[in-house]
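Breakdown of the fold
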Amino acid sequence: MTQISLWLAFTACLIAGAVYFFRPHNRFTQLIGALAVATHTFSLMQLLLNRDGFNFLTIGLLIALIGNTLLWFSNRDKDLSLLIGTAFPLSAIILALNAIEPWDLKQLHSNSWGTSAHILIASVAYSLFATACGVGILLAMQEYQLKHHKLKQLLRVPPLQILESLMFEFIWAAFILLTITILTGFYFIEDMFAQHLVHKTFFTIASWFVFAGLLLGRHLAGWRGQLAVKLTLSGFFLLMLGYFGSRIALQILLQ
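In what follows, the accompanying structure is described. Only a predicted model underlies this, so the values are computations on that prediction, with no experimental measurement involved. (Residues numbered from 1 in each chain as written. Predicted model: local features only at pLDDT ≥ 70, side-chain atom pairs only at ≥ 80, totals over all residues. Heavy atoms only, no water.)

1. A few points about the packing of helix H1 (residues 2-22) against helix H2 (residues 27-50)
Note the threshold: What counts as an axis is a line fitted to C-alpha atoms, over the stretch in contact for a helix, and the angles between N-to-C directions run from 0 to 180 degrees. Numbering goes from the N terminus for both helices and strands, where a helix is a DSSP run of H or I of at least four residues and a strand is a run of E of at least two. The cut-offs work like this: below 35 degrees is roughly parallel, past 145 is roughly antiparallel, 65 to 115 is roughly perpendicular, and the gaps in between are oblique. In this scheme the handedness of a crossing depends on how the near helix is turned from the far one: anticlockwise by less than a right angle means left-handed, clockwise means right-handed. Two residues qualify as a contact provided that any one of their heavy atoms is within 4.5 Å of a heavy atom in the partner residue. Each residue gets one of three labels, nonpolar for Ala, Val, Leu, Ile, Met, Phe, Trp, Tyr, Cys and Pro, charged for Asp, Glu, Lys and Arg, and polar for the others, Gly among them.
Axis separation between H1 and H2 bottoms out at 8 Å; the angle between their running directions is 155°. Between H1 and H2, the interaxial angle falls into the category roughly antiparallel. Crossing hand, H1 versus H2: left-handed. Facing H1, whose interface residues are Thr2, Ser5, Leu6, Ala9, Ala12, Cys13, Ile15, Ala16, Val19 and Tyr20, H2 presents Thr29, Gln30, Ile32, Gly33, Ala36, Thr39, His40, Phe42, Ser43, Gln46, Leu47 and Asn50. Here the residues of the contact of H1 with H2 are counted per class, giving twelve nonpolar, ten polar and no charged.

2. Side note on the packing of aromatic side chains
Applied cut-off: Stacked, tilted and edge-to-face pairs are distinguished by plane angle, under 30 degrees for stacked and over 60 for edge-to-face with tilted covering the rest, among Phe, Tyr and Trp rings (Trp via its six-membered ring) whose centres lie within 6.5 Å. We call a residue buried when its accessible area falls under 20% of the maximum for its residue type, exposed when it is over 50%, and partly exposed in between, using a 1.4 Å probe and counting protein chains only.
Within this structure, the stated rule accounts for eight aromatic pairs. With a centroid separation of 5.2 Å and an interplanar angle of 90°, the aromatic rings of Trp208 and Phe209 are classed as edge-to-face. You can call Phe209 exposed: its relative accessible area is 54%. Aromatic ring contacts, followed pair by pair, group Trp172, Phe175, Trp208 and Phe209 into a single cluster.

3. As for H1
To keep things clear, this is the line we draw: Working rule for helices: expected span equals 1.5 Å times residues minus one. Our arc is simply the arc of the directions from the helix axis toward the C-beta atoms.
The end-to-end C-alpha distance of H1 is 31 Å, a good match for the 30 Å that 21 residues give at a rise of 1.5 Å each. Every buried residue of H1 is listed here: Thr2, Ser5, Leu6, Ala9, Ala12, Cys13, Ala16, Gly17, Val19 and Tyr20. Looking down the long axis of H1, one finds its buried residues gathered within 165° of arc, a one-sided arrangement. Among the exposed residues of H1, those pointing more than 90 degrees away from its buried face are Ile4, Leu8 and Phe22. Its buried side turned inward, H1 meets H2, helix H3 (56-74) and helix H4 (81-100).

4. Regarding the packing of H3 against H4
Between H3 and H4, the shortest axis-to-axis distance is 10 Å and the interhelical angle comes to 160°. Considering the angle they form, H3 stands roughly antiparallel to H4. As for the relative orientation of H3 and H4, their crossing is left-handed in sense. Between H3, through Leu57, Thr58, Gly60, Leu61, Ala64, Asn68, Leu71 and Trp72, and H4, the contact on the second element is made entirely by Leu83, Ile84, Ala87, Phe88, Ser91, Ile94, Leu95, Leu97 and Asn98. Residue composition of the contact of H3 with H4, by class: twelve nonpolar, five polar and no charged.

In short, geometric facts, not functional conclusions.
Written out as structure tokens, the structure is:
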């Protein structure tokens, strides 16, 4: 049942991605997107119920689900169809990896509600940052085309001011959750600087400083545009390097 649900969600996400690219302004498209989110949710529930614990691919599936849900809701009053058309196929890849699971990945166990809450908050924060990065990329591409007078090639996205405002809304929400993630990590996890956690802790804190600097610069100096996008991508890269980079090294390369 778990494998079937994962492959159904995989198919739904691929179809939704294609529909959002070719028929963005359509009620049927929103319904297809909702179906993709629903099947993704069901497959994740099946995965968590039928497997002993979870691994970094399962966490990736959760992050993708939260990101897709956020984009689907945001698209109701802002045209983010181009971004959704990219996000759903990427989620399909993660679904396929969970369905195939070619590696003998280490399962993570948590008997502590505090640690479970820490993981959930971190997943929501990562999803918000990922969504902010997607919006930032659209913002950078649109700004580039405007500066180079390529008006005929403008992307099918909301105006620059709306995109920028949306990006910083996601960053603020994600930054608050990232701060809570770090604090709960130090509280509920015995040694955040243990050998198997030191890389994750270092890169997470480094990412926190990047985003703190960006938000401070935005408030004091009005940072925006390409600079804001570059800092957003840099902070997110550090965050992903800390989590997925260390997981890949520990669970696959060093096994």
